[in-house]
Amino acid sequence: MAGAIIEKMSTKKLVLFVFFILLFQIFSILVGALISPSPTTAISYLATKCINFHRTRAWLMPWGSNRCQQVHSFDDPLAKTLDANDIVFAVHVPLPNTEMSPWFQYMLAVLQFDIAFKMINQIEDDVVITIDARLAYRDDMASEWTTKFHSVEQRPLRCTFAVSKTYENEGRFYHCDPIPFMELGSVAHKYFLMNLRLPVNDTMNVGIGEIKDIHVVGIHQNGGFTKVWISMKTVFSPWISVATVWYWYRIRLLARPPVLLEKVIFALGLSMAFLDMPVEWLSMGFEWTWMLLFEDAQQGALYSVLFCFWIIFCGEHLMDQCQRNLLSAYWWQVGLVVFGSCVLLIFDLSERGIRLSNPFYSVFFSYLKPHITFIIVAGISVCLYFFSLCRMVHCVFRTISGKMQQLPTMPETRRLRYKGIIFRFKFLMLATLTCAALTIIFFILNQVSEGHWHWGDYTLQVHSAFLTGIYGMWNLYVFTIIFLYAPSHKHNRKKSGDTQHTGSQETQLTCGEQGPTEVYRITGKVAEE
């Protein structure tokens with residue numbers, strides 16, 4: 001067998017290849033930093049207090065020719081004659097003279113309450129606020145509103161009062177935590193209307209204090225960022241797909257069946273191609289509210305295969321050859337990945353799956369609180385996996401170091417060849433650790449940064465650069481794995497029968513049989529000398 005491309009490529013060509021990969025990586029970062037706007041936009045809407053004397057289900061508009069009868073403050077004389085159940089908080093999205101667009105991809109809503117302190121009406125501990133929420137849409141200003149969703153939801157109201165609770169401090173406002181309230185997976189209409197009620201009776205919405213106003217913060221993806229993101233996926237999708245097909249074509253040209261490592265590399269290419277599918281183009285013309293769930297499935301598939309690849313990649317260069325090429329040899333590591341992925345999938349289905357029919361639902365505020373169990377179980381699985389991975393990486397480098405002690409006894413030509421092979425293998429292992437470390441570092445910088453930096457006359461969008469840079473980095477990483485570990489046909493085999501055994505061909509590789517790479521063979525305890 002000719003070996004993998006990484007073993008047959010000269011140092012000069014390998015350096016040139018790495019140089020071009022770095023250029024593409026820098027380009028991915030600069031696209032987000034210089035071309036793309038910020039990933040999301042947050043707009044605060046002050047809910048209009050509408051009067052609904054008859055308590056009908058008619059839609060109440062906060063402004064326009066058909067605006068509702070309003071009360072500007074609950075301290076007005078008119079407001080003092082009203083019952084709390086007569087008030088409807090109306091919010092129109094977006095602001096006047098603007099409209100929503102499918103390029104926004106999704107829409108989130110967060111509630112912020114302005115609650116004044118009163119000695120006779122204080123916020124109780126562990127109080128829960130009940131909200132009767134309705135959402136409607138229309139596509140032009142003359143049409144009637146079409147009801148889309150209706151639900152009665154409960155959210156915990158967590159507020160603190162910075163000063164002492166005395167009569168002198170009445171009228172000061174509590175500091176209340178924002179309340180995540182809605183997640184809409186598609187923005188297929190131009191205008192949205194929310195009508196919110198806080199129904200009050202003997203047991204409902206008691207002890208929530210004196211609410212003065214409700215602010216609704218609408219968050220959506222920027223259309224400019226969406227165009228940049230879809231454009232990147234459109235570029236990477238055919239690139240990774242063609243590379244994956246080319247890789248499998250090279251594997252099929254071999255006279256032996258594919259081994260486990262080659263299969264998992266092929267699966268890695270397929271999972272990245274699946275993630276790169278630019279299905280967002282189609283969502284522009286359809287109301288696909290499941291797009292957020294589909295994107296989670298795309299990312300989950302890639303992470304699962306990537307974690308399995310790391311374990312198998314290390315294990316296949318560590319174990320005896322008689323134990324290689326068996327998925328069952330990694331049953332507990334792969335089992336952890338599958339189990340953790342299933343747990344997170346169930347969690348995602350219980351959250352975003354239910355939101356397909358009720359965007360106001362949140363598993364974090366349900367009575368059963370299954371998210372705590374899901375997160376703990378998934379966290380334990382991840383910790384056990386990475387502990388096992390770090391141990392295997394350490395063992396691989398230790399095994400390679402032991403093999404390098406045998407190099408002085410080898411002929412000079414063979415010794416130089418093995419030194420180059422081991423160097424390239426270590427280089428790829430370090431590249432993997434570098435990608436993982438950069439992902440963590442970029443994530444931390446993204447959390448602590450202000451969102452953009454100024455550099456001369458240019459404004460660098462840090463958040464966009466993080467997203468496009470990480471996305472480009474993992475695409476380039478998968479492409480590097482596919483390309484460098486593809487079989488090299490630089491030198492044709494003179495006699496294919498010299499390296500094959502007679503008898504039945506089994507899935508498990510036998511001792512001394514050819515593997516996908518030279519380092520795959522020389523790191524085994526019973527590798528051929």
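Residues numbered from 1 in each chain as written. Predicted model: local features only at pLDDT ≥ 70, side-chain atom pairs only at ≥ 80, totals over all residues. Heavy atoms only, no water.

Looking up the protein chain in an unreviewed UniProt entry gives the name Wnt ligand secretion mediator, with the organism given as Neolamprologus brichardi. Turning to the protein chain, the UniProt record has this under Subcellular location (unreviewed entry): "Golgi apparatus membrane". Its UniProt record, at the heading Sequence similarities (unreviewed entry), says of the protein chain: "Belongs to the wntless family." (UniProt positions renumbered as here; feature names shortened; annotations may be inferred.)

Novice: Help me understand the overall build of the protein chain in this model?
Specialist: The helix and strand tally for the protein chain stands at 12 helices and 13 strands. Here the protein chain, with 529 residues, has 48% of them falling under the buried criterion. The contacts of the protein chain with a sequence gap of at least 6 include a subset with a gap of at least 24, amounting to 80%. By element, 63% of the accessible surface of the protein chain is carried by carbon and sulfur atoms, the whole surface being about 26,800 Å². (Helix = DSSP H or I, 4+ residues; strand = E, 2+ residues; numbered from the N terminus. Buried < 20%, exposed > 50% of the residue type's maximum accessible area, 1.4 Å probe, protein only. Contact = heavy atoms within 4.5 Å. Areas by Shrake-Rupley, 256 points an atom, 1.4 Å probe, with all protein chains shown as cover.)

Novice: Quick question: what am I supposed to make of the sheet that holds strand β9 (residues 179-184) here?
Specialist: Hydrogen bonds along the backbone pair up the strands of a sheet, which may run parallel or antiparallel. Across the sheet, 4 strands lie side by side as β1-β11-β4-β9; this open sheet has antiparallel pairing. At either end of the open sheet lies a strand with only one pairing partner, and these are β1 (40-46) and β9. Here the strands of the sheet are splayed against their neighbours by 25 degrees on average, with no regard to which way each runs. Bridge count between strand β4 (residues 107-116) and strand β11 (residues 210-221): 10 bridges; the pairing is antiparallel. Within β11, the position partnered with methionine 107 by the bridge is histidine 220. (Pairing = 2+ DSSP bridges. Axes fitted to C-alpha atoms, helices over the stretch in contact; angles between N-to-C directions.)

Novice: Help me understand the pattern of salt bridges, please; the structure alone is not making it clear to me.
Specialist: Within this structure, the stated rule accounts for 13 salt bridges. Between aspartate 213 and lysine 49 there is a salt bridge, with the nearest N and O atoms lying 2.5 Å from each other. Here lysine 49 lies in strand β2 (residues 48-51) and aspartate 213 lies in strand β11, a separation of 164 residues in the sequence. For the pair formed by aspartate 213 and lysine 49, the shared burial category is buried. Its salt-bridge partner being glutamate 280, residue lysine 233 comes within 3.1 Å of it at the nearest N-O pair. Linking lysine 233 in helix α4 (residues 223-252) with glutamate 280 in helix α6 (residues 280-283), this pair joins segments that are 47 residues apart in sequence. This pair shows no difference in class: lysine 233 is buried, exactly as glutamate 280 is. Each of the salt bridges in this network shares a partner with another, and the network as a whole consists of Glu183, Asp296, Glu351, Arg352 and Arg355. (Salt bridge = Lys/Arg side-chain N within 4 Å of Asp/Glu carboxyl O.)

Novice: What is the right way to look at unusual backbone geometry in this model?
Specialist: Working note: non-glycine residues mostly have negative phi, and peptide bonds are mostly trans. Each neighbour pair has its own omega, and for valine 93 with proline 94 the value is 5 degrees, a cis peptide bond. On the secondary structure map, proline 94 appears in the loop between β3 (87-93) and β4. A positive phi is found at glutamine 105, a non-glycine position, where the angle reads about 70 degrees. If you trace the backbone, glutamine 105 turns up in the loop between β3 and β4. A positive phi angle is found at aspartate 126, which is not glycine, with a value near 55 degrees. Positionally, aspartate 126 belongs in the loop between β4 and β5 (128-138).

Novice: How do you make sense of the sheet that holds β5 when you look at a structure like this?
Specialist: Spatially, the 5 strands line up as an open sheet ordered β2-β3-β10-β5-β6, and their pairing is antiparallel. Each edge of the open sheet is held by one strand with a lone partner, namely β2 and β6 (146-156). Each adjacent strand pair in this sheet contributes to an overall mean axis angle of 30 degrees, direction not counted.

Novice: So what exactly am I meant to see when it comes to the nonpolar core here?
Specialist: Side chains that are nonpolar tend, in soluble globular proteins, to be buried together. Membership of the largest hydrophobic core comes to 61 residues, with the highest contact counts inside it found for Ile265, Phe309, Trp474 and Tyr477. Apart from residues no more than four positions distant in its own chain, phenylalanine 309 is found in contact with Leu261, Val264, Ile265, Leu268, Tyr477 and Ile481. Tyr174, Ile179, Phe181 and Val187 belong to the second-largest nonpolar core, a separate cluster that totals 44 residues. (Core = buried A, V, L, I, M, F, W, Y, C linked by side-chain atoms within 4.5 Å.)

Novice: I would appreciate a short explanation of the packing of aromatic side chains in the present structure.
Specialist: Aromatic ring pairs are defined here through the distance separating the ring centres and the angle between the ring planes. Scanning the entire structure with this criterion turns up 30 aromatic pairs. On the numbers, 5.3 Å between centres and 55 degrees between planes, the contact of phenylalanine 24 with tryptophan 239 is tilted. Residue phenylalanine 24 is found in helix α2 (residues 11-35), and its partner tryptophan 239 is found in helix α4; the two are separated by 215 residues along the sequence. In this structure phenylalanine 24 comes out as partly exposed when scored by relative accessible area, which is 40%. Exposure remark for tryptophan 239: the relative accessible area of 23% places this residue in the partly exposed category. Lysine 227 extends its terminal NZ or CZ atom over the ring of tryptophan 103, reaching a point 5.2 Å from the ring centre. (Phe/Tyr/Trp six-rings, centres within 6.5 Å; stacked < 30°, edge-to-face > 60°. Lys NZ or Arg CZ within 6 Å of the ring centre and 35° of its normal.)

Novice: When you look at the side chain of asparagine 85 in this model, what are you seeing that I'm missing?
Specialist: With respect to the helices and strands, asparagine 85 occurs in the loop between α3 (77-80) and β3. Within the local environment of asparagine 85, its side chain forms a polar contact with the backbone nitrogen of valine 200, the two atoms lying 2.9 Å apart. Setting aside chain neighbours within four positions, we find asparagine 85 in contact with Arg55, Arg197, Leu198, Pro199 and Val200. (Polar contact = N/O pair within 3.5 Å; in protein donor to acceptor, adjacent residues only side chain to side chain.)

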